[in-house]
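Spelled out from the first residue to the last, the chains are:
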Amino acid sequence: MSAFDRRLREVLETRRATDLYRQRLTLDSPQGPRVRWQGGDYLNFCSNDYLGLASDPRLVESLRRGARDYGVGSGASHLVCGHSRAHAELEEALAEATGRPRALLMGSGYAANTGVLQALLQAGDTVLEDRLNHASLLDGGLHSGARLRRFAHNDCADLARKLASSQGPVLVAVDGVFSMDGDLAPLVEQAALCRQHDAWLMVDDAHGFGVLGERGAGSVAAAGLDSEAVPVLMATLGKALGTAGAFVAGSETLIEALIQVTRKYIYTTAPPPAIAVASLTALRLATEENWRREHLQTLIARFRDGAAARNLPLMPSPTPIQPLLVGEAGRALQLSEGLRARGFLVSAIRPPTVPAKTSRLRITLTAGHTVEQVDQLLDALAELSADA
Ligand SMILES: *Cc1c(COP(=O)(O)O)cnc(C)c1O
């Protein structure tokens, strides 16, 4: 057996033995509150389609129109000849929606975070990151050439200490909404600390954009912060907006410089223009249809009240991400399977995505859910935890 074969077999065996083996569900339906899997219908509480837009007929129609007008493939990278009017219009609309001079489309949030950090930072700099940041921010910091230092989750005293003892230009990078916890970064305090120490603040708003703030402008706008307080804003289009891709928004200088030097922007094929056409429609619906955010808030309150009444150990979260803390990976898996047997899809989030002993059920609510569906989930959760 070759060294690689042996290594890979070991990976699989270890994952199986520690309840960390991961398997994909293959769905046979569009994304939505109800999905089809292995011939059965399931109530879906694990997507990030927070506004329920992923299979909205108006998005589907826009994608069709985009394909009719632009074909399917972009054919090249943005800097060669893959940049279309559709991409340009979406960038302008995203800049306006976030109240910033410019926005730059990227193929994915992972590429945006790693690309921006690698473009912005160099040896001699320091990047300070919340311990619970998304893997893409941590990976970007790790491979940026700068010194990566992590501070305790949402701990402003720890951040202040690390700001005071850091060398060179300093970038602080945080998730606006933490993806596995659902809680918010203390952006107002963090922005004040950054101003005090002449550091830049970057916010990854993958889970806030479309969901928080007036017209869904996101967690930075909701905190009342402008592009001077938060010079680098990144958000994704594959979550609340229901399409795919991501963007970075900021000053003219930031965006023009990113276009010149971001390897993950330069050396990759531009996303299909039709996706940009669909995203433009999604952005319009996400900003205009306030009822989606209002209904989501109703569901969040309903779920939290219901969980408290049933003594379910919810983590503190004001967002559609409502994790139920379990602890051991095996138990989380067991609960997730128990829910599946009752017709609910809820994912068990285990290490290395979250720290050891903090495995959880990551329940997500969307504007497509009804109050009755949320109640059904609560009843199933209560039944299952009584069985424990
Ligand atoms: C999903 C996510 C990303 C990655 O975005 P993709 O477009 O899915 O690559 C980045 N940051 C956070 C916080 C996320 O939740």
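Quantities reported herein were computed from a predicted structural model and do not represent experimental measurements.

The rules behind these values
- Residues numbered from 1 in each chain as written.
- Predicted model: local features only at pLDDT ≥ 70, side-chain atom pairs only at ≥ 80, totals over all residues.
- Heavy atoms only, no water.
- Near = heavy atom within 4 Å.
- Polar contact = N/O pair within 3.5 Å; in protein donor to acceptor, adjacent residues only side chain to side chain.
- Areas by Shrake-Rupley, 256 points an atom, 1.4 Å probe, with all protein chains shown as cover.
- Helix = DSSP H or I, 4+ residues; strand = E, 2+ residues; numbered from the N terminus.
- Nonpolar A, V, L, I, M, F, W, Y, C, P; charged D, E, K, R; others polar.
- Axes fitted to C-alpha atoms, helices over the stretch in contact; angles between N-to-C directions.
- Left-handed = near helix turned anticlockwise from the far one by under 90°.
- Contact = heavy atoms within 4.5 Å.
- Phe/Tyr/Trp six-rings, centres within 6.5 Å; stacked < 30°, edge-to-face > 60°.
- Buried < 20%, exposed > 50% of the residue type's maximum accessible area, 1.4 Å probe, protein only.
- Pairing = 2+ DSSP bridges.

1. Things to note about the site of the ligand
Then, in step 1: Among the 14 residues in the neighbourhood of the ligand, the closest are listed as G109, Y110, D204, H207 and K239.
Then, in step 2: Taking D204, its side chain carries an N or O atom lying 2.5 Å from a nitrogen atom of the ligand.
Then, in step 3: Taking 380 Å² as the accessible area of the ligand by itself, protein coverage stands at 82%.
Then, in step 4: Looking at which element gives the most residues to the shell around the ligand, the answer is helix α5 (residues 109-120), with three residues.
Then, in step 5: Class assignment for the residues of the shell around the ligand results in two nonpolar, nine polar and three charged.

2. Concerning the packing of helix α2 (residues 57-70) against helix α12 (residues 273-288)
Then, in step 1: At a closest axis distance of 7 Å, the pairing of α2 and α12 adopts a crossing angle of 145°. Considering only the axes of α2 and α12, their crossing is right-handed. Together, R58, L59, S62, L63, R65, G66, A67 and Y70 of α2 and P273, A274, I275, V277, A278, T281, A282 and L285 of α12 make up the contact between the two elements.
Then, in step 2: Tallied by class, the residues present in the contact of α2 with α12 amount to 11 nonpolar, three polar and two charged.

3. What to know about the packing of aromatic side chains
Then, in step 1: For the structure shown, the criterion picks out three aromatic pairs.
Then, in step 2: Ring centres 6.4 Å apart and planes at 35° place the aromatic pair F45 and F344 in the tilted group. Of the two residues, F45 sits in the loop between β2 (40-44) and α2 while F344 sits in strand β11 (residues 344-345), which places them 299 residues apart along the sequence.
Then, in step 3: Accessibility expressed as a relative area gives 7% for F344, which makes it buried.
Then, in step 4: On the basis of an interplanar angle of 70° and a centroid distance of 5.2 Å, the ring pair of F209 and F247 is categorised as edge-to-face. Of the two residues, F209 is situated in the loop between β7 (200-204) and α9 (219-222) and F247 in strand β9 (residues 246-250); the sequence distance between them amounts to 38 residues.
Then, in step 5: Judged by relative accessible area, F247 falls into the buried class, the value being 0%.

4. Overview of the sheet that holds strand β13 (residues 359-364)
Then, in step 1: Strand order in the open sheet formed by three strands is β10-β13-β12, with antiparallel pairing between adjacent strands. The open sheet has two free edges, formed respectively by β10 (321-327) and β12 (347-349), since each of these has just one partner strand. Averaged over all neighbouring strand pairs, the angle between strand axes comes to 30°, with direction disregarded.
Then, in step 2: Two strands pair when backbone bridges link them, and β12 and β13 are joined in this way by three bridges, in the antiparallel orientation. Across the sheet, residue A348 finds its bridge partner in β13, namely L361.
Then, in step 3: Contacts from helix α14 (residues 329-341) reach β10, β12 and β13 within the one sheet, and its direction differs from that of β13 by about 35°.

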